[in-house]
Amino acid sequence: MSRVLILANSSGGLYDFRNEFVEALLTENQVFISLPDEVKTKELLAEGAQIIKTPIHRRGMNPLEDLKLCQSYRRLMKQLQPDLVVTYTIKPNIYGGLQAARMKIPYISTITGLGGAFDKTGLLLQLIIRMYRVGLKKAACIFFQNAENRNIFRKFAIRGEKDRLVMGSGVNLERHCYEPYPEEEETHFLFVGRVMKERGILEFVDAAEKLHSEKVFFDILGACDEDYQEMLDGLESRGIIRQLGFHTEVHPYLTKASAIVVASFHEGMSNTLIEAAATGRPVIASNISGCMEAFEEGKTGFGFTPGRSEELIAAIEKFLKLPYEKRSEMGQAGRRKMEEEFDRKLVTAAYMEEVHRILADR
């Protein structure tokens, strides 16, 4: 059996959004997974994967910590001698790709989003470009989750040997099954994700302050990643928002929501949007790449310009005017879109096609 090493920065993200690919790999290969946490390692171990704990500082550029990560990946590859390395997210892509290239191990990288990296200027932007070029130049295949990210890489001459475009991580249509639209008179707008500026939390709470009422609720599902906890506690004490905390299973919360709000400034492909649509819930989302592909204006949801609270408020007001039947129809249309375009089986098949091609050449 071939040996496949996966480098990722979150066990929850790997299991929730890419586990079907892991399962497919396990049917034909030994699979080793390098992860910094234990949120979903029990589930991955039960499937037959072997887990190696590797600390990663997900945010920021600390040269000493990044050097340690580079060395950890090199030791891991020397120890395991994998036939293929698969990487996800920025640091595994760059540092894992660099070490795999040095050791002449084929690797597949996935660009799950760029954040604000390419909004930088001057020497910092040049450093980011250089790091990506070095980390990805020998990649056997780079997977992109939206066309804009791929175009940015091409603009800056960041290339591997091949690239492919897929519809994000896709959505598991069985796990996120269609749920009938809630019939209660209350309207619940749900923010799902890490609480941080780039996720649009400030715009969401602006909308909550203006539009909350006895029948209109604004709920937040996710951990606070930036220094907003005091602000959130104050808003909750005034009845403006409700904090639901961090949960590894989001489907029950999607089911109870009237609409899901994604106010991000950047996305690879919004898993929140496609899971919400698969569940049969309308969406209110940023008009950016990584979101726009996942909804249809006026049919499955409403869009707005990220960072513009007034536009988010207008989109929510538009939704509040819709009768129950129209909201339900939007949810059903979103489900159909997911079935036709975002089935995770299609994404998994694309990855396995590249795995078979690469391993056949070993």
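Data block above holds the structure.
Let us look at the structure shown here.

Conventions adopted
In every chain, residue numbers begin from 1 and rise along the written sequence. Whole-chain, interface and lining totals are the exception, using all residues; otherwise, since this is a predicted model, local features are given only for residues with pLDDT of at least 70 and side-chain atom pairs are given and counted only at 80 or more. The side-chain quantities take in all heavy atoms of the structure and omit both hydrogens and water. Segments assigned H or I by DSSP are reported as helices when at least four residues long, segments assigned E as strands when at least two residues long, and all are numbered from the N terminus. Between buried and exposed lies partly exposed: a residue is buried under 20% and exposed over 50% of the maximum accessible area for its type, with that area taken using a 1.4 Å probe on protein chains only. Any carboxyl oxygen of Asp or Glu within 4 Å of a side-chain nitrogen of Lys or Arg constitutes a salt bridge here. In this scheme, patches are assembled from residues that exceed 30% relative accessible area and form no salt bridge. Like charges are connected within 9 Å, while nonpolar side chains (Val, Leu, Ile, Met, Phe, Trp, Tyr) are connected within 5 Å. Using a 1.4 Å probe, accessible areas were evaluated by the Shrake-Rupley method; residue-level cover was limited to the displayed protein chains. Two rings belonging to Phe, Tyr or Trp (six-membered ring only in the last case) form a pair when the distance between their centres is within 6.5 Å. Interplanar angles under 30 degrees mark stacking, angles over 60 mark edge-to-face geometry, and anything in between is tilted. Working rule for contacts: check all heavy atoms of both residues, and any pair within 4.5 Å makes them a contact. Pairing of N or O atoms within 3.5 Å defines a polar contact, subject to two protein rules: one partner must be a possible hydrogen donor and the other a possible acceptor, and residues neighboring in sequence count only if both atoms are side-chain atoms.

**Examining the environment of Arg-238**
Okay, step 1: The residue Arg-238 is located in the loop between α8 (229-237) and β10 (242-245) in this model.
Okay, step 2: Here Arg-238 falls in the exposed class, since its relative accessible area comes to 55%.
Okay, step 3: Separated by 184 residues in the primary sequence, Arg-238 and Thr-54 have C-alpha atoms spaced 42 Å apart.

**A look at the pattern of salt bridges**
Okay, step 1: With the rule as written, the count across this model stands at 24 salt bridges.
Okay, step 2: The partner of Arg-175 in a salt bridge is Glu-249, with the nearest N and O atoms 3.2 Å apart. Taken as a pair, Arg-175 in the loop between β7 (163-165) and β8 (187-192) and Glu-249 in the loop between β10 and α9 (251-256) lie far apart in primary sequence, 74 residues in all.
Okay, step 3: Its relative accessible area of 38% is what places Glu-249 among the partly exposed residues.
Okay, step 4: With a shortest N-O distance of 3.3 Å, Arg-194 and Asp-225 are connected by a salt bridge. With Arg-194 in the loop between β8 and α7 (201-211) and Asp-225 in the loop between β9 (216-221) and α8, the pair connects residues that are 31 residues apart, well separated along the chain.

**Some details on a nonpolar patch on the surface**
Okay, step 1: A contiguous nonpolar surface patch, about 260 Å² in accessible area, is contributed by Met-61, Leu-124 and Leu-127.
Okay, step 2: Structurally, Leu-127 can be placed in helix α5 (residues 122-136).
Okay, step 3: Overall, the relative accessible area of 40% leaves Leu-127 in the partly exposed class.

**Side note on the packing of aromatic side chains**
Okay, step 1: Inspection of every chain in the model, using the stated rule, returns 12 aromatic pairs.
Okay, step 2: Look at Phe-143 and Tyr-351: their rings are 3.8 Å apart centre to centre, the planes differ by 15°, and that puts the pair in the stacked class. Taken together, the positions of Phe-143 in strand β6 (residues 141-144) and Tyr-351 in helix α13 (residues 344-360) put the pair 208 residues apart, joining distant regions of the chain. For the pair shown, Phe-143 and Tyr-351 are each scored as buried.
Okay, step 3: Considering the side-chain rings of Phe-189 and Phe-218, the 5.3 Å spacing of their centres and the 25° angle between planes classify their relative orientation as stacked. Remark: Phe-218 occurs in strand β9 and Phe-189 occurs in strand β8; sequence separation between them is 29 residues.
Okay, step 4: When its relative accessible area of 0% is taken as the criterion, Phe-189 is described as buried.
Okay, step 5: The class of Phe-218 is buried, set by a relative accessible area of 1%.
Okay, step 6: Taken together, the ring pairs connect Phe-118, Tyr-132, Phe-144, Phe-153 and Phe-156 into an aromatic cluster.

**Observations regarding α7**
Okay, step 1: Of the residues making up α7, those classed as buried are Ile-201, Glu-203, Phe-204, Val-205, Ala-207, Ala-208 and Leu-211.
Okay, step 2: The elements touched by buried residues of α7 are β8, β9, α8, β11 (259-262) and α11 (309-320).

**Describing the side chain of Ser-10**
Okay, step 1: Tracing the chain through its elements places Ser-10 in the loop between β1 (2-7) and α1 (11-26).
Okay, step 2: Separated by 3.4 Å, the side chain of Ser-10 and the backbone nitrogen of Gly-12 make a polar contact.
Okay, step 3: At 2.9 Å, the side chain of Ser-10 forms a polar contact with the backbone nitrogen of Gly-13.
Okay, step 4: Excluding its chain neighbours within four sequence positions, the residues that come into contact with Ser-10 are Leu-35, Pro-36, Asp-37 and Arg-58.

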